[in-house]
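Commentary on secondary and tertiary structure
For reference, the chains in residue letters:
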Amino acid sequence: MEPTQGVPLGEVVTGRSSSGHDEIQAIPRLPMEFRTLSLHVETRPSVQGNQHDKSRKAASRGNTTELNMLDWHKITVEEVLQRLNVSSKTGLETSQAQRRLQSAGKNVMSPPPKNWMRKILGWLLGGFGSLLLAASILCFIAWKPFGNPDPQASNLALGVVLLIILVLQAVFNAWQDFSASKVISSIKNLLPTDVLVVRDGAQTKLDAGQLVIGDIVLISLGEKVPADLRMIEVNDLRFDRRILTGESEPVSGRVEKTDDNFLETKNIALQGTHCVNGSGVGVVIQTGDNTVFGRIAKLSSHEPTRLTTLQREILHFVFIIGGVATTVAILIVILWATWLRVSHPSYINVSNLLIDIVSVMIAFMPDGLPLAVTLSLAKVAHILSKHKVLCKSLTIVETLGSVNVLCSDKTGTLTQNRMHVENATVFDDVMHNEKLQSIAEGVQGESETTSVTQLMGVAMLCNAATVVPSSASSTEKQQLDLVGDATDVAALSFAYRMGASRALRGQWIDIFKQSFNSKTKFMMRLCELSPTASLETSPIASWDDFSRHDYMMTVKGAPEVLLPRCSHVLDPKHGRPVPLTTEAIQRLTAIQEAWAKEGQRVILLARRVVRKHMIPNGLNPSTDEFAEEADALNVDVTVIGLLGLMDPLKPTVKHTVSVCRRAGIRFFVVTGKRHLRDHPTTATSIARSAGIITARSVHSVSDLEQNEDKTLIEAGVDDLPKQSIVITGAQLDTLDQAQIEQLCQYEEIVFARASPEQKLRIVHEFKARDCIVAVTGDGVNDAPSLKAADCGIAMGQGSDVAKEAADMILLDDFSAIVIALEYGRLVFDNLKKTILYLIPAGSFSELVPILLNVLLGLPQMLSNIQMILICVVTDVIPALSMCLEPPEVGLLERKPRNVKTERLADWRLLLHAYAFLGVLESLCAMSMSLWYLQRNGIPFSSLILGFGNWPGLDDELLFRAQSVSFFTLVLMQWGNLFSTRGRKLSIFQHTPASNWYVVLAAATSLSLGIFFSYVPWFQNIFQTRGVPVEFFFIPLTFALGLLFLDESRKYCVRRYPSSWIAKLAW
């Protein structure tokens, strides 16, 4: 196929057609969520049955056909660059890029089309909407035709009110949906999306949305590919494509085509995939909706979402309430059909029966709960956003509140990830920071300068960090803007600090690069000298006998890995390499251990001159064969020296660790193989500095006994004293099950140099023991454990891979996890309080009048309209004020809740709500209404077992008696409100001054009750009435009595924590 000619500037180009490929069918694999669209692409037809309509199938065929037509992977790099009219060295000009951006638009995907009919139905019928609609229809049927020939206006009013409530709930749901969309949009805007590109001949950072076709993009470890790229340079590059293809193994990057299929070839980097090893350079060939990611995204119209832990808790509670309501309604129908209709045919007709059923449904529905949940999460969102904590799902915060094991990465999480060289040594000539500064200023002698020159040369050549333009002058080396891995940046900064010239790197040409990874634990570069460079260019030394045909191999990595590959060490006294003897290794190892105990990261720098004849002629450096040859040559290298790098703790880490431990959370350190300084001694030193290790004696793997007695193994964590242990990933793999059981019972653990697989195992081992595990991290190797944890927490400065896998992102500082932890517990606490407030008056006290009316033949002492007023008017605002409760004192000093035994509505809460609060409120309300009738000449004896035959009782007296019961419940809820605010704390400890909204809500609740009972129009429609003034003050004494009883109960709980009262406390 002949290449196309250069295209006019600003024109958007797509791939040329090629035929003969199998059709690719794409089906969605996971739902579209925050910053991710996970899709599964297979080279076989997908069977979707009738779930896809014709338009969807047509779109699928169109997209797969377009994918088959792409030929970017088949043409050479030169043809790609010619087609896009761009140079790989200078990139696009700014004006050229602007024209293309105006023509093609931003590199963003169009939002999916919205199914408004589905949304509207969801708003109307979601939650309790379907029950409200059914209840409203029953009310209209009870009015007519079952109410004929004398239809009651109250039934019609009840139906209309329920419809109004349904519409208001739909409007609220729509507002909630809109608000959630705005939150997600704001989260996307806050997350960094910068990429490194070449424009106008210089490397510059650019927002990914500004990329255009033809941009030269530099990809490095941990980054997400911002657009579809054709690779033009690769350095040990590997991509994780599972987000698109489901492949579990990383795919190596290549420059040349490896497959005719656009999705299978390795010289194409697809948007949305992640770089998990090495680095590379690619040219943008597709952006936005035209990328493979964007094309397949069009096929995802609607995906079901999974329920979170909090949603499941609420649904569990609703099912309980709904099941009881249904049972009671069925029981009433059975009693009516088998007894009342036969024995008292004129008592309850079909119309009244339907209204009774509606009343039961209304009585049991916690109408304020959905509002309370939303308000709680909205408050959490507001608080967390102020502290720069971003959650993909707000309900994940409640999961964090249940965490009892926190596995934290070290670099970038506990430490600042701002490394600097603290010490350096050439052989055993240790140069501390002050001496290094003297050498940089030219104060020291020639021998030290020569040794440091070697260190500088290797540090600069064996380095993947890059210099990007900054506002500072090039002479201001301390102001250089360096981009890359923290270790590389520190080593390069050291070289510049010691006087190295920025031109030095340009005097060497990279032939082969092997990037650092967790398996090899070293970085290697093979370079040749530039034709214009001098034969005295660093790190060439006089003893090298270096010619222009030779190569320089530089290596940087973990000392314990590289020392076996070394044969000589540079001796600063003689200025030449000397044999690396056992004694020399011991001296170097002693320095390494000493620095590690101080919390320093230790890396070894080495080099070797590779003669030209050592590498077969004609071998392509981009092939696997060349990589094998280069690795075989990585022996007999010369140790140049060691660098000790220091990454200080973040200022707030000690306080954060202390708070988490007081909250009953076991705080572990899990360091990865990715970071060389994660030597067990280094990790232990930093853990001790952070307060994670507190014991004087730290155990090791030898303290874990094999085949331990089962009774000891099954002992809980609380049965063991505080103990500390340090264990490496390699040691973890050797443990048997008995040792794992013992390990999981330690309170202070440092896991050093754990691979991604070992980190994943750590998470699974603790989850298997009913622990709720949170994992923090920022690197590529943290991604599997972040995904597997109950709550994955990524750092905002971390890799895209980590942020993609996490549930929560801390944009600013690790200390924000304390706020998230506190409010995670607060959400659960406040929702328990809300449910406890809603049940007594809004559920139980409404059910009692109905049951007494059916079973004992008493008049219904609370009208159906008044039940609705309590549920959706007078109780809702105080319930919402409960959601604004601040954390109680000591909230973070409680043990984390057990998610299996401590439910949102467990038996203790229901017992307190029904048997304590509900019974008291129901007895008081019934007594007050019956006393009112007694005062008006209608004794209780004439009402019980009356079944409609109640002498002297007219509608006006009944309406007033019902209003007496209504106001009694409203005022007694004041006592419930102020007592329920604190689970264990007294009202004098957790005062209303901490949340004045409850006082305002209580007053508003009574005001609304008065409004609906005293306004003449509502009196006529709702059949409400005013009550004598004493029926306001007497219920207030009941409320105070209820508050006093609950205060007494809480006092007993605090004073006698082992008593039966404490065991029954909610």
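Here the structure is a predicted model, which is why all the values come from computation and not from measurement.

A tally of helices and strands in the protein chain yields 35 helices and 29 strands. Here the protein chain holds 1066 residues, and the buried ones make up 56% of them. Taking the contacts inside the protein chain whose residues are at least 6 apart along the sequence as the reference set, 76% of them involve residues at least 24 apart.

Let us look at the packing of helix H30 (residues 907–935) against helix H34 (residues 1030–1055). For the pair H30 and H34, interaxial distance at closest approach is 12 Å and the crossing angle is 160 degrees. Compared by their axis directions, H30 and H34 come out roughly antiparallel. The way H30 lies across H34 gives a crossing that is right-handed. Residues His912, Phe916, Leu917, Leu920, Glu921, Cys924, Met928, Trp931, Tyr932 and Arg935 of H30 pack against Glu1030, Phe1031, Ile1034, Pro1035, Phe1038, Leu1042, Leu1045, Asp1046 and Arg1049 of H34. Residues that form the contact of H30 with H34 fall into these classes: 13 nonpolar, one polar and five charged.

A complete count under the given rule lists 30 salt bridges for this structure. Put simply, Arg199 and Asp215 hold a salt bridge, and the shortest N to O gap is 2.7 Å. In this pair, Arg199 is assigned in strand S3 (residues 194–199) and Asp215 in the loop between strand S4 (202–207) and strand S5 (216–219), connecting sequence segments 16 residues apart. Grouping residues by exposure puts Arg199 and Asp215 together as buried. The salt bridge involving Arg587 is made with Asp428; its shortest N-O contact spans 2.2 Å. Highlighted residues: Arg587 in helix H17 (residues 582–597) and Asp428 in the loop between strand S12 (420–426) and strand S13 (429–431), separated in sequence by 159 residues. Judged by relative accessible area, which is 33%, Asp428 ranks as partly exposed.

As a further point, take the side chain of Thr287. The topology assignment puts Thr287 in the loop between strand S9 (274–286) and helix H8 (292–297). By relative accessible area, Thr287 is classed as buried at 8%. With sequence-adjacent residues up to four places away left out, Thr287 is seen in contact with Asn107, Leu211, Val212, Ile213 and Ala227.

Before going further, it helps to spend a moment on the confidence of the model for the protein chain. Chain-level statistics for the protein chain give a pLDDT mean of 81 and a share of 85% at 70 or above. For the protein chain, per-element mean pLDDT is lowest for strand S1 (residues 25–33), which scores 30, and highest for helix H31 (residues 955–980), which scores 95. Segment residues 300–306: pLDDT under 50, and 12 contacts once partners within four positions in sequence are set aside and those in other chains are kept. Here residues 710–720 is a poorly scored stretch, pLDDT under 50, and it has 14 contacts once near neighbours within four places are set aside; other chains count.

We now examine the pairing of strand S11 (residues 405–408). Residues of S11 alternate between two faces, with Val405 and Cys407 on one and Leu406 and Ser408 on the opposite face, all of them buried. Pairing between S11 and strand S23 (residues 666–672): four bridges, direction parallel. When the sheet's bridge partners are listed, Val405 is paired in S23 with Arg666. The pairing of S11 with strand S27 (residues 773–777) spans four bridges and is classified as parallel. Among the inter-strand pairings, Ser408 is bridged to a residue of S27, identified as Thr776.

Here we come to the packing of aromatic side chains. This structure, assessed with the given rule, holds 20 aromatic pairs. Ring centres 5.5 Å apart and planes at 85 degrees place the aromatic pair Trp339 and Phe947 in the edge-to-face group. With Trp339 in helix H9 (residues 309–343) and Phe947 in the loop between H30 and H31, the pair connects residues that are 608 residues apart, well separated along the chain. If you follow Arg935 out to its NZ or CZ, it ends over the ring of Trp931, 5.0 Å from the centre.

Mapped onto the elements, Thr554 comes out in strand S18 (residues 551–557). For Thr554, the contacting residues outside a window of four places in its chain are Val458, Leu461, Cys462, Met523, Met524, Arg525, Ala606 and Arg607.

On the surface, Leu855, Leu856, Phe940, Ile944 and Leu945 cluster together into a nonpolar patch covering about 410 Å² of accessible area. If you trace the backbone, Phe940 turns up in the loop between H30 and H31.

Attention now moves to the sheet that holds S23. Spatial strand order, S10-S29-S28-S27-S11-S23-S26-S25-S24: nine strands in an open sheet with mixed pairing. The open sheet is flanked by strand S10 (389–391) and strand S24 (698–699), the only strands paired with a single partner. Here S27 pairs with strand S28 (residues 791–795) via four bridges, running parallel. Note that in S28 the partner of Ala774 across the bridge is Cys791.

A word on the UniProt feature "transmembrane region" (unreviewed entry) in the protein chain. This chain's UniProt record puts "transmembrane region" (unreviewed entry) on residues 120–143, 155–175, 314–337, 835–858, 905–933, 957–975, 996–1015 and 1027–1045. The distance from the first to the last C-alpha atom of residues 905–933 is 37 Å, and the span holds 93% helix and 0% strand. The span residues 957–975 carries 100% helix and 0% strand; its end-to-end C-alpha distance comes to 28 Å.

Along the chain, Lys144 connects to Pro145 via a cis peptide bond; the corresponding omega equals 10 degrees. Positionally, Pro145 belongs in the loop between helix H5 (129–143) and helix H6 (153–190). Residue Pro539 follows Ser538 across a cis peptide bond; omega there is 10 degrees. Considering the arrangement of structural elements, one finds Pro539 in the loop between strand S17 (522–529) and S18. Even without being glycine, Asp236 reaches a positive phi, approximately 50 degrees. In this structure, Asp236 sits in strand S6 (residues 228–240). Take Asp236: its relative accessible area is 26%, and that puts it in the partly exposed class. One non-glycine residue, Arg753, lies in the positive phi region at around 50 degrees. Structurally, Arg753 can be placed in strand S26 (residues 748–754).

What follows is about the environment of Val389. Mapped onto the elements, Val389 comes out in strand S10. Separated by 427 residues in the primary sequence, Val389 and Ala816 place their C-alpha atoms 6.9 Å from one another. Among all residues touching Val389, those that are not within four sequence positions of it are Leu384, Met808, Ile809, Leu810, Ala816 and Ala820.

Examined against the element boundaries, Leu811 turns out to sit in the loop between strand S29 (808–810) and helix H27 (816–855). Overall, the relative accessible area of 17% leaves Leu811 in the buried class. The spatial distance from the C-alpha of Leu811 to the C-alpha of Val389 is 6.0 Å, given a sequence separation of 422 residues.

Quick look at the state of the cysteines now. Scanning the model with the defined rule gives zero disulfides in all. This cysteine, Cys391, is not joined by any disulfide, and Cys791 carries the nearest cysteine sulfur, 7.7 Å off. Unpaired in this structure, Cys462 has its nearest cysteine sulfur neighbour in Cys527, at a distance of 8.5 Å. For Cys462, a relative accessible area of 0% puts it in the buried group.

Moving on, we get to the pairing of strand S25 (residues 724–728). Most of S25 sits out of view: five of its five residues are buried. Of the two faces of S25, both are covered, the one formed by Ser724, Val726 and Thr728 as well as the one formed by Ile725 and Ile727. Pairing geometry for S24 and S25, over two bridges, is parallel. By the bridge assignment for S25, Val698 is matched with Ser724. Examined bridge by bridge, S25 and S26 share five bridges and lie parallel to one another. Bridge pairing in S26 places Val726 opposite Val750.

Each value, and the rule that gives it
Sequence order sets the numbering: in each chain, residues are counted from 1 along the sequence as written. Local features in a predicted model are, by the rule used here, given only for residues with pLDDT of at least 70; side-chain atom pairs are given and counted only at 80 or more, and totals for whole chains, interfaces and linings are based on all residues. Excluding hydrogens and water, the side-chain figures rest on all heavy atoms present in the structure. Secondary structure elements follow DSSP: runs of H or I of four or more residues count as helices, runs of E of two or more count as strands, with numbering from the N terminus. Partly exposed residues are those whose accessible area sits between 20% and 50% of the maximum for their type, while under 20% is buried and over 50% is exposed, using a 1.4 Å probe and protein chains only. By definition in these notes, contact holds between two residues if any of their heavy atoms fall within 4.5 Å. For helices, the axis comes from a line fit to the C-alpha atoms of the stretch in contact; other axes are also lines fit to C-alpha atoms, and the angle between any two N-to-C directions lies between 0 and 180 degrees. In these notes the angle categories are as follows: under 35 degrees is roughly parallel, over 145 is roughly antiparallel, 65 to 115 is roughly perpendicular, and the rest is oblique. Crossing handedness follows the turn of the near helix against the far one: under a right angle anticlockwise gives a left-handed crossing, and clockwise gives a right-handed one. Under this grouping Gly is polar, as are all residues other than the nonpolar Ala, Val, Leu, Ile, Met, Phe, Trp, Tyr, Cys and Pro and the charged Asp, Glu, Lys and Arg. In the sections that follow, a salt bridge refers to a side-chain nitrogen of Lys or Arg positioned within 4 Å of a carboxyl oxygen of Asp or Glu. Each residue gets a pLDDT score, which is the predictor's confidence in that residue and runs from 0 to 100. One bridge is not enough; two strands pair if DSSP finds at least two bridges between them. Here the aromatic set is Phe, Tyr and Trp, taking the six-membered ring for Trp, and pairing holds for ring centres within 6.5 Å; pairs whose planes are under 30 degrees apart are stacked, those over 60 apart are edge-to-face, and all others are tilted. By the criterion adopted, a ring carries a charge over it if an Arg CZ or a Lys NZ lies within 6 Å of its centre and within 35 degrees of its normal. In this analysis, a patch consists of residues with relative accessible area above 30% that form no salt bridge, clustered at 9 Å for like charges and at 5 Å for the nonpolar side chains Val, Leu, Ile, Met, Phe, Trp and Tyr. The Shrake-Rupley method, run with a 1.4 Å probe, gives the accessible areas here. Residue values count only the displayed protein chains as cover. UniProt positions are given in the numbering used here, feature names are shortened, and annotations may be inferred rather than shown by experiment. When the sulfur atoms of two cysteines come within 2.5 Å, that pair is taken as a disulfide.

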